[in-house]
Amino acid sequence: MSAPFPFSAIVAQEDMKKALLMAAVEPLLGGVLIFGDRGTGKSTAVRALAELLPKIDTRAGCRFNCSPDHPQAACPVCTPVDGKKPPKKVQIRTPMIDLPLGATEDRICGALDLEKALVAGEKDFEPGLLAAANQGFLYIDEVNLLEDHLVDLLLDAAASGVNVVEREGLSIRHAARFALVGSGNPEEGDLRPQLLDRFGLSVEIRTINDLQQRIEVIRRRDAFEADTDAFVAKWSRKDAAIRSKVVKARKILRQVDIPDDVLSRMSQLCMSLGIDGMRGELTLMRACRASAALAGRLTVTWADVSEISPMVLCHRLRRDPLDDAGSAPRIERAVAAVSAEAVSPAEAAHG
């Protein structure tokens, strides 16, 4: 299998890269939705990120990607019967599972192993894509074309971190902790607002219109295709730096503090925009914490909120096709209004 395009070599599209990195740091963020034109590097970025992240620990032959320290009862490899020892520990690449549009619920969740049932007369569980994506990423290209009930199922599993299968006499429960990433072209249809709200972050990317950046995209892609190994080696140091940043951010994430005044202004912002429910504020808090951790800071600032809020709130403003809400300018105006209403003592001291 050829190496994916290096993450650090992707030109521009900073919001998309930032959203993916935050999802890699904070597993509770929910999914990332990337909408944009064709050929803007959506799937390239997702595959590059999975390759960039640290390898995960599991055991040889495990199909649930169990952590060796937390073997699952559903996994016959990590929890062998008859007192046998589990196989040796191994490190594998962070899983990056592509979910095809034609996938069935059985393929996604897992189902009865029909071959074993018919040949040996035994009831056994055939793990699905959710098990394969555990500790990694589940990517859906053209998520807006996937059936709504499957998107709902995936978002439920991503939010809970658990897949429960109750059918054909089987009762299986296993970990499904993955970052869900969906991408699509808005010209081919949109997701229902109820599903949009379930995605933690949403970014819209456009075709690059800067001449120099377009030329750089072409040059890098051409160099990658001409000699993949050399190109990957050239960018390996920058990819390693990003990997190190993600690892450090994961370590300090739970120590990151959000001052009361910043939290208060977050709520004011959501109220001023008429965000339904509390999911927007919770996601904004988690995203800002991940952003601060990626920057190596232990405190969230209002600048984090200003930068992150369009990714968290834009898609939660869409209520009908005639509503022009959901635009980043509306979020920016609301942020500016909240900023003007209250200035923290620390910020006032710094002018």
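Every value quoted in this text rests on a predicted model; they were computed, and no experiment measured them.

Examining the packing of aromatic side chains
Stage number 1. Applying the stated criterion across every chain yields a total of five aromatic pairs.
Stage number 2. Ring centres 5.8 Å apart and planes at 75° place the aromatic pair F224 and F231 in the edge-to-face group. The exposure classification of F224 matches that of F231, with both residues buried.
Stage number 3. On the numbers, 6.1 Å between centres and 45° between planes, the contact of F231 with W235 is tilted. Taken together, the residues span about one helical turn, with F231 and W235 both in helix 9 (residues 228-252) at a distance of four residues.
Stage number 4. With relative accessibility at 9%, the residue W235 sits in the buried group.
Stage number 5. Pairwise contacts between aromatic rings join F5, F224, F231 and W235 into one cluster.

What to know about the environment of E166
Stage number 1. Looking at where E166 falls in the secondary structure, it is placed in strand 8 (residues 162-167).
Stage number 2. Once the C-alpha coordinates of E166 and E216 are considered, the two residues, 50 residues apart in sequence, prove to be 51 Å apart.
Stage number 3. Among the polar contacts made by the side chain of E166, one reaches the side chain of S171 at a distance of 2.9 Å.

A look at the pairing of strand 8
Stage number 1. As judged from the six bridges shared by strand 8 and strand 9 (residues 170-175), these two strands associate in the antiparallel manner. Among the inter-strand pairings, V165 is bridged to a residue of strand 9, identified as I172.
Stage number 2. Here strand 8 hands over to strand 9 after two residues, with E168 in that stretch at a positive phi of 50°.

Some thoughts on unusual backbone geometry
Stage number 1. Look at Q13: it is not a glycine, yet its phi comes out positive at around 50°.
Stage number 2. Mapping Q13 onto the fold places it in the segment before helix 1 (14-25).

Examining helix 9
Stage number 1. For helix 9, with 25 residues, the first-to-last C-alpha span of 35 Å sits near the 36 Å given by 1.5 Å per residue.
Stage number 2. Maximal helix bending in helix 9 amounts to about 50°, located at S236.
Stage number 3. Within helix 9 the residues assigned to the buried category are F231, W235, D239, I242, V246 and A249.
Stage number 4. Against helix 1, helix 2 (42-52), helix 8 (211-226) and helix 11 (279-294) lie the buried residues of helix 9.

Quick look at the environment of I252
Stage number 1. With respect to the secondary-structure elements, I252 resides in helix 9.
Stage number 2. Residues in contact with I252, not counting those within four places in the same chain, are A293, G296, R297 and L298.

Some remarks on the domain arrangement of the chain
Stage number 1. Segmentation of the chain into domains returns domain 1 (7-55 + 93-207) and domain 2 (256-344).
Stage number 2. Look at where the C-alpha atoms of domain 1 and domain 2 centre, and you get two points 25 Å apart.
Stage number 3. Taken residue by residue, the interface counts 20 residues in domain 1 and 15 residues in domain 2.
Stage number 4. Carbon and sulfur atoms make up 59% of the surface buried where domain 1 meets domain 2, a total of about 1,700 Å² over both sides.

So, the sheet that holds strand 1 (residues 32-36)
Stage number 1. Judged by pairing direction, the sheet is parallel, and its five strands sit side by side in the order 4-7-10-1-11 without closing on themselves. Of all strands in the sheet, those bounded by a partner on one side alone are strand 4 (96-98) and strand 11 (201-205). Across this sheet, the average inter-strand angle for adjacent strands is 20°, counted without regard to direction.
Stage number 2. Examined bridge by bridge, strand 7 (residues 137-141) and strand 10 (residues 179-184) share five bridges and lie parallel to one another. Bridge pairing in strand 10 places I140 opposite G182.

Concerning the side chain of K18
Stage number 1. With respect to the helices and strands, the residue K18 is situated in helix 1.
Stage number 2. Residue contacts for K18: discarding those within four places in its chain leaves S291, E307, I308 and M311.

With respect to the pattern of salt bridges
Where charged atoms from two side chains of opposite charge approach closely, those side chains can pair.
Stage number 1. By the definition in use, this model includes eleven salt bridges.
Stage number 2. Taking the shortest distance from any N to any O, the salt bridge between E307 and K18 comes out at 3.0 Å. Here K18 lies in helix 1 and E307 lies in helix 12 (residues 302-313), a separation of 289 residues in the sequence.
Stage number 3. A salt bridge links E26 to R254, with the nearest nitrogen and oxygen atoms 2.9 Å apart. Linking E26 in the loop between helix 1 and strand 1 with R254 in the loop between helix 9 and helix 10 (260-273), this pair joins segments that are 228 residues apart in sequence.
Stage number 4. Assessed through its relative accessible area of 1%, E26 is described here as buried.

About the thresholds
- Residues numbered from 1 in each chain as written.
- Predicted model: local features only at pLDDT ≥ 70, side-chain atom pairs only at ≥ 80, totals over all residues.
- Heavy atoms only, no water.
- Phe/Tyr/Trp six-rings, centres within 6.5 Å; stacked < 30°, edge-to-face > 60°.
- Buried < 20%, exposed > 50% of the residue type's maximum accessible area, 1.4 Å probe, protein only.
- Helix = DSSP H or I, 4+ residues; strand = E, 2+ residues; numbered from the N terminus.
- Polar contact = N/O pair within 3.5 Å; in protein donor to acceptor, adjacent residues only side chain to side chain.
- Pairing = 2+ DSSP bridges.
- Expected span 1.5 Å × (residues − 1).
- Bend = angle between axes of the 7 residues up to and from the residue.
- Contact = heavy atoms within 4.5 Å.
- Domains from an automatic or database assignment.
- Buried area = accessible area lost by both parts, 1.4 Å probe.
- Axes fitted to C-alpha atoms, helices over the stretch in contact; angles between N-to-C directions.
- Salt bridge = Lys/Arg side-chain N within 4 Å of Asp/Glu carboxyl O.

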